[in-house]
Amino acid sequence: MAKRSARAAWGERPGPSVTVADTGEAGSHDDGAAVTGYRGPAPEGGGVPGVVRVSGTGDATAAHGGTAVSGYVHTLTVQQPLLREPACWPHQVGVVPLPARSFQHRGEADRLRSAVAGGGTAVPCQVLTGTGGVGKTQLAADYARAAWADGGLDVLLWVTASAQASVVSGYAQAGVELCRADPDDPDRAARQFLAWLAPKPGQRPCRWLVVLDDLADPDDLIVHSDDPAHRYSLWPPASPDGRTLLTTRRRDAALFGEGRRRIEVGLFTPDESLAYLTASLHAHGRTEPADQLTALARDLGHLPLALAQAAAYLVDSGETAAAYRGLLADRSTHLADLAPDALPDEQAVALAAAWSLSVDRADLLRPAGLARPMLHLAALLDPNGIPHDVLTGEAARAHLAAHRTPTSPDSVAVPAPVSRRDAVRALRALERLSLIDHRPDSPHQAVRIHQLIQRATRDTLTPARQDRYTRAAADALTAAWPAVERDTALAQALRANTGALARHAEDALYRPDTHAVLYRLGTSLGDSGQISAALTHFRRMVDTSTRRLGPDHPDTLAARHSLAWWQGEAGDAAGAATAYAELLADQVRVLGQDHPRTLAARNGLARSRGEVGDAAGAAAAYAGLLPDVVRVLGQDHPDTLATRQGLARWLGEVGDAAGAASAYAGLLADRARVLGEDHPDTLATRQGLAWWRGKAGDPAGAAAAYAELLADQARVLGEDHPDALTTRHDLAWWRGKAGDPAGAAAAYAELLADRERVLGHDHPDTLATRHNLAWWRGKAGDAAGAAAAYAELLAGGVRLLGEDHPRTLVTRHNLAWWRGKAGDPAGAAAAYAELLADRERVLGHDHPDTLATRRSLARWRGEAGDAAGAAAAYAGLLPDMVRVLGEDHPDTLATRHDLARWRERRGV
């Protein structure tokens with residue numbers, strides 16, 4: 001009997017056959033249909049169809065594929081799966097992604113080519129790692145296409161490695177096409193292909209490249225089995241002729257090591273971003289201003305995926321780049337709203353969902369359930385660096401415990417405590433998925449996160465959850481903020497993170513009340529010398545608190561108090577006095593006469609009166625305040641001690657330097673007892689005591705006291721702390737006053753370098769150091785150099801502080817002085833005359849600085865040859881000095897002396 005035959009669907013030759021002898025009745029197929037000469041279906045899984053051949057007579061039942069054969073059968077021949085002949089080289093398996101439109105050549109591409117090149121000396125495996133959207137796949141595809149086009153490959157395999165099954169399937173397909181593997185057994189086919197890749201003696205070398213794109217889990221490259229014989233690695237073998245290129249978001253240690261080089265794929269550079277956006281829009285006949293495209297790239301953090309989708313959105317919607325930026329800046333707009341309807345460049349997901357799978361996987365890593373709530377905190381803070389202690393401190397751990405992702409429906413209702421180690425491991429989980437950069441060796445900026453990952457994370461939160469997480473982040477910042485800002489870099493990082501938090505979710509920081517972190521931010525700004533920024537911050541706080549909480553809310557009143565304080569620090573003593581007076585009236589009405597905040601407002605008002613020029617009034621106000629503070633708060637309350645400090649200071653300003661020194665000495669003993677020897681307030685008291693000791697006539701003793709204080713401040717606060725730098729400033733001053741002007745100038749020169757390094761060139765304290773350096777240069781004999789230095793300083797002071805700022809006016813005063821000392825008395829007199837008019841306008845006729853200007857004007861009139869005019873000016877000044885400062889004030893006594901001298905020189 002003739003045998004039936006069939007050709008394999010994809011092969012050229014039939015495989016071997018098996019003949020089975022059989023007789024008897026024919027059975028039926030499982031579906032009840034009996035067939036004759038039936039060709040069975042392909043085996044499950046897409047294998048090669050078998051062929052049934054029937055010969056002879058009789059009935060038989062064939063079990064192949066469950067098919068029954070009816071007829072007179074003597075033999076049954078079963079055709080086995082057909083095996084494909086190995087493909088000829090060069091051969092490609094898998095589809096390499098098409099190049100993105102406007103593809104940008106990048107530095108990473110050069111690094112990749114350099115790493116792969118070198119023959120047998122090259123590292124055989126390159127791992128491209130980076131967060132989602134940076135272009136890892138495009139870089140790998142670009143390399144693969146170039147290597148293929150250059151003729152440098154015999155075999156190219158591209159595998160999408162997002163799951164183990166797809167890796168096995170890709171290898172199996174390569175096994176079928178290249179080494180006659182059985183397609184019905186993909187596991188064996190994959191292993192056969194991996195074995196084929198390994199070099200063998202005497203075998204023709206094969207130059208191969210295997211690309212494993214988008215590996216989701218390092219464990220996917222290990223096939224696990226209870227049977228050790230079936231457990232194997234899916235990593236391609238090492239070969240002098242083969243190369244492996246892997247792309248992944250993962251950073252697990254298992255991916256790297258000997259023979260595997262890590263290549264971090266980062267963001268576009270600003271130039272690459274601009275070139276990409278320009279080319280993408282130009283391809284569609286669109287142009288946008290370069291400055292707007294540059295700003296858009298910056299707003300999108302130079303993330304390639306974001307730039308591609310933004311360009312597509314602009315083309316599809318017809319919007320301008322400026323309009324798109326406006327939408328992006330609107331916190332009510334979600335990233336999903338800015339996705340184009342059709343994604344460009346075969347992209348699989350919109351930007352808003354680019355990291356969701358990574359977050360899910362990170363949350364499964366140990367300690368399970370903590371990565372997501374940790375990311376929620378990080379999404380609200382500064383993308384450029386979050387201090388380690390903020391995210392691992394007690395407040396942050398409480399948040400993690402309360403919002404841990406449930407790992408099962410039976411998770412315990414009571415949250416388990418989270419240790420600091422658990423918090424660190426949660427950060428490591430996010431790092432392993434490239435959702436953050438975690439650098440514990442930079443503790444002040446330990447965590448960095450892309451701004452769009454933050455935005456996408458915030459978009460997943462309901463308003464109520466975002467408010468809760470915002471307060472939690474604020475708690476974490478407050479807890480991490482040291483009472484003494486010894487570490488200026490940490491203070492700067494905390495300020496940056498608080499500012500970021502306020503930008504992301506300011507409303508939550510005023511519900512149900514104003515969070516303490518906002519006050520801490522403003523105070524830190526001012527204490528670091530950024531007084532203008534502190535003023536801006538507290539003005540915003542006052543406006544926002546008034547609008548949200550009401551004008552009489554205690555938090556609004558507290559913000560007004562802080563604003564008034566920094567007004568005074570900014571040089572606007574009159575404005576501060578007015579603000580304190582208005583605040584005091586409202587606090588008496590709302591809080592009552594004896595409320596601590598009311599007493600604090602009285603303290604601020606007394607200080608402002610003194611700064612305006614009424615030292616006697618300030619001293620009297622402090623003297624009147626002290627009994628009330630003692631009665632309400634007690635002798636040892638910090639506010640009581642602060643009131644005593646204010647009284648001591650203004651006693652000295654009135655002219656009683658010895659009384660001020662004595663008062664400071666008594667205060668020092670009490671502060672040391674109550675607060676401790678190393679408390680910043682105790683150290684500040686020692687600073688005041690040393691100052692007034694010098695003013696009382698003991699400059700050498702003052703210098704020695706400052707030297708002792710400096711050693712303690714360096715130990716407690718740190719050498720670069722602003723208070724320690726201030727002590728160095730005052731020490732140099734009293735060194736000069738003790739008779740060593742050259743030493744003072746040298747000390748100020750050293751201090752200037754440190755203040756510029758720590759505080760910046762334009763910080764008010766840096767300007768003060770330049771001011772005193774110029775003064776002591778003059779005292780050391782270089783009057784012309786001093787005048788030149790003051791002229792340069794004046795230009796900077798006007799630019800930074802304004803023409804009417806008290807420090808600007810002081811600089812003009814000293815410039816005129818050294819101009820006269822350098823040999824130009826007439827020019828000095830003219831400069832003082834101009835300064836006098838401005839000081840009378842800005843400060844008033846009776847301000848001590850105004851009186852000092854009149855005194856200097858009188859002197860240089862005399863030095864210019866008008867002794868009679870000088871005597872007359874001194875005679876007119878003296879009564880005002882007595883009236884304002886008192887008979888025994890040092891400046892009054894000096895004026896009497898000068899009057900007598902110029903009368904004598906006049907010949908009267």
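Residues numbered from 1 in each chain as written. Predicted model: local features only at pLDDT ≥ 70, side-chain atom pairs only at ≥ 80, totals over all residues. Heavy atoms only, no water.

(A) The overall build of the protein chain, seen in detail. Within the protein chain, the secondary structure is distributed over 35 helices and 13 strands. Across the 908 residues that make up the protein chain, the buried fraction comes to 48%. If you take every contact in the protein chain between residues at least 6 apart in sequence, the share linking residues at least 24 apart comes to 68%. By element, 53% of the accessible surface of the protein chain is carried by carbon and sulfur atoms, the whole surface being about 40,000 Å². (Helix = DSSP H or I, 4+ residues; strand = E, 2+ residues; numbered from the N terminus. Buried < 20%, exposed > 50% of the residue type's maximum accessible area, 1.4 Å probe, protein only. Contact = heavy atoms within 4.5 Å. Areas by Shrake-Rupley, 256 points an atom, 1.4 Å probe, with all protein chains shown as cover.)

(B) Expanded view of the nonpolar core. Counting residues in each nonpolar core, the largest one holds 108 residues, and the members touching the most others are Leu-300 and Trp-355. In terms of residues, this core owes the most to one element, helix 7 (residues 304-317), which gives eight residues. Residues within four places of Leu-300 in sequence aside, it is in contact with Ala-306, Leu-307, Ala-310, Tyr-324, Leu-328, His-450, Gln-451 and Leu-452. One finds Ala-703, Trp-776, Ala-828 and Tyr-832 within the second-largest nonpolar core, a separate group that totals 44 residues. (Core = buried A, V, L, I, M, F, W, Y, C linked by side-chain atoms within 4.5 Å.)

(C) Spatial organisation of the confidence of the model for the protein chain. Across the protein chain, pLDDT averages 89, with 89% of residues at or above 70. Confidence drops under a pLDDT of 50 for residues 1-78, and excluding neighbours within four residues, the segment shows 142 contacts in the predicted structure. (pLDDT = per-residue confidence, 0-100.)

(D) The packing of aromatic side chains, seen in detail. Under the criterion given, the structure shown has nine aromatic pairs. A ring pair is formed by Phe-268 and Tyr-276, whose centres lie 5.9 Å apart and whose planes are at 50°; its orientation type is tilted. Between the aromatic rings of Trp-817 and Trp-860, the centroid separation amounts to 5.5 Å while the plane-to-plane angle is 80°, which identifies the pairing as edge-to-face. Placement of Trp-817 in helix 31 (residues 806-821) and of Trp-860 in helix 33 (residues 848-863) is noted, with a sequence separation of 43 residues between them. (Phe/Tyr/Trp six-rings, centres within 6.5 Å; stacked < 30°, edge-to-face > 60°.)

(E) The sheet that holds strand 5 (residues 125-129), seen in detail. As summarised here, the arrangement of the six strands in space is 4-6-7-10-5-11, forming an open sheet in which the pairing is parallel. The sheet is open, and its two edges are formed by strand 4 (91-93) and strand 11 (260-264), each paired on a single side. Sheet twist, expressed as the mean angle between neighbouring strand axes with direction ignored, is 15°. Across six bridges, the pairing between strand 6 (residues 155-160) and strand 7 (residues 208-215) is parallel. Among the inter-strand pairings, Trp-158 is bridged to a residue of strand 7, identified as Val-211. Helix 1 (residues 107-116) contacts strand 5, strand 10 (242-248) and strand 11 of the sheet and is inclined by roughly 170° relative to strand 11. Contacts from helix 3 (residues 164-179) reach strand 4, strand 6 and strand 7, with the element oriented near 155° to strand 6. (Pairing = 2+ DSSP bridges. Axes fitted to C-alpha atoms, helices over the stretch in contact; angles between N-to-C directions.)

(F) Just a positive patch on the surface, in detail. A cluster of basic residues, Lys-695, Lys-737, Lys-779 and Lys-821, forms a positive patch at the surface. Relative to the elements of secondary structure, Lys-737 occurs in helix 27 (residues 722-737). (Patch = residues over 30% accessible without salt bridge, like charges linked within 9 Å, V, L, I, M, F, W, Y side chains within 5 Å. Salt bridge = Lys/Arg side-chain N within 4 Å of Asp/Glu carboxyl O. Lys, Arg positive; Asp, Glu negative; His and termini not counted. Charge placed at Lys NZ, Arg CZ, Asp CG, Glu CD.)

(G) Summary view of the packing of helix 5 (residues 270-282) against helix 6 (residues 290-299). Contact geometry of helix 5 with helix 6 gives a least axis separation of 9 Å together with a crossing angle of 120°. With respect to helix 6, the element helix 5 is oriented oblique. Between helix 5 and helix 6 the crossing geometry is right-handed. Note on element contacts: helix 6 touches helix 5 through Ala-290, Leu-293, Thr-294, Leu-296 and Ala-297, opposite Ser-273, Leu-274, Leu-277, Thr-278 and Leu-281. (Parallel < 35°, antiparallel > 145°, perpendicular 65-115°, else oblique. Left-handed = near helix turned anticlockwise from the far one by under 90°.)

(H) Geometry of the packing of helix 31 against helix 33. Packing of helix 31 against helix 33 leaves a shortest axis separation of 11 Å and a crossing angle of 15°. If you check the angle between helix 31 and helix 33, you find them roughly parallel. The way helix 31 lies across helix 33 gives a crossing that is left-handed. Seen from helix 31, the contacting residues are His-813, Trp-817, Gly-820 and Lys-821; seen from helix 33, they are Ala-852, Thr-853, Ser-856, Arg-859 and Trp-860.

(I) Focus on helix 1. Turning to helix 1, its buried residues number three or more, namely Glu-108, Ala-109, Leu-112, Ala-115 and Val-116. For helix 1, the arc enclosing every buried residue in end-on projection is 130°, short of the 170-degree limit, so these residues lie on one face. Tucked into the core, helix 1 has its buried residues touching strand 5, helix 2 (136-149), strand 10 and strand 11. (Arc of directions from axis to C-beta.)

(J) Expanded view of the pattern of salt bridges. Inspection of every chain in the model, using the stated rule, returns 62 salt bridges. Measuring nitrogen to oxygen at the nearest pair gives 2.8 Å for the salt bridge that ties Asp-252 to Arg-250. In terms of burial, Asp-252 and Arg-250 fall into one category: buried. Close ionic contact of Arg-799 with Asp-762 constitutes a salt bridge, the shortest N to O distance being 3.4 Å.

(K) Geometry of helix 17 (residues 516-527). The end-to-end C-alpha separation of helix 17 is 17 Å, in line with the 16 Å expected for 12 residues at 1.5 Å each. In terms of burial, helix 17 is a largely internal element, nine of the 12 residues being buried. By the burial criterion, the buried members of helix 17 are Val-517, Leu-518, Tyr-519, Arg-520, Leu-521, Gly-522, Ser-524, Leu-525 and Gly-526. Check the buried side of helix 17 and you find it contacts helix 15 (463-480), helix 16 (488-505), helix 18 (531-549) and helix 19 (554-569). Note on helix 17: the residue one or two positions beyond its end, Gly-529, has a positive phi of about 95°. (Expected span 1.5 Å × (residues − 1).)

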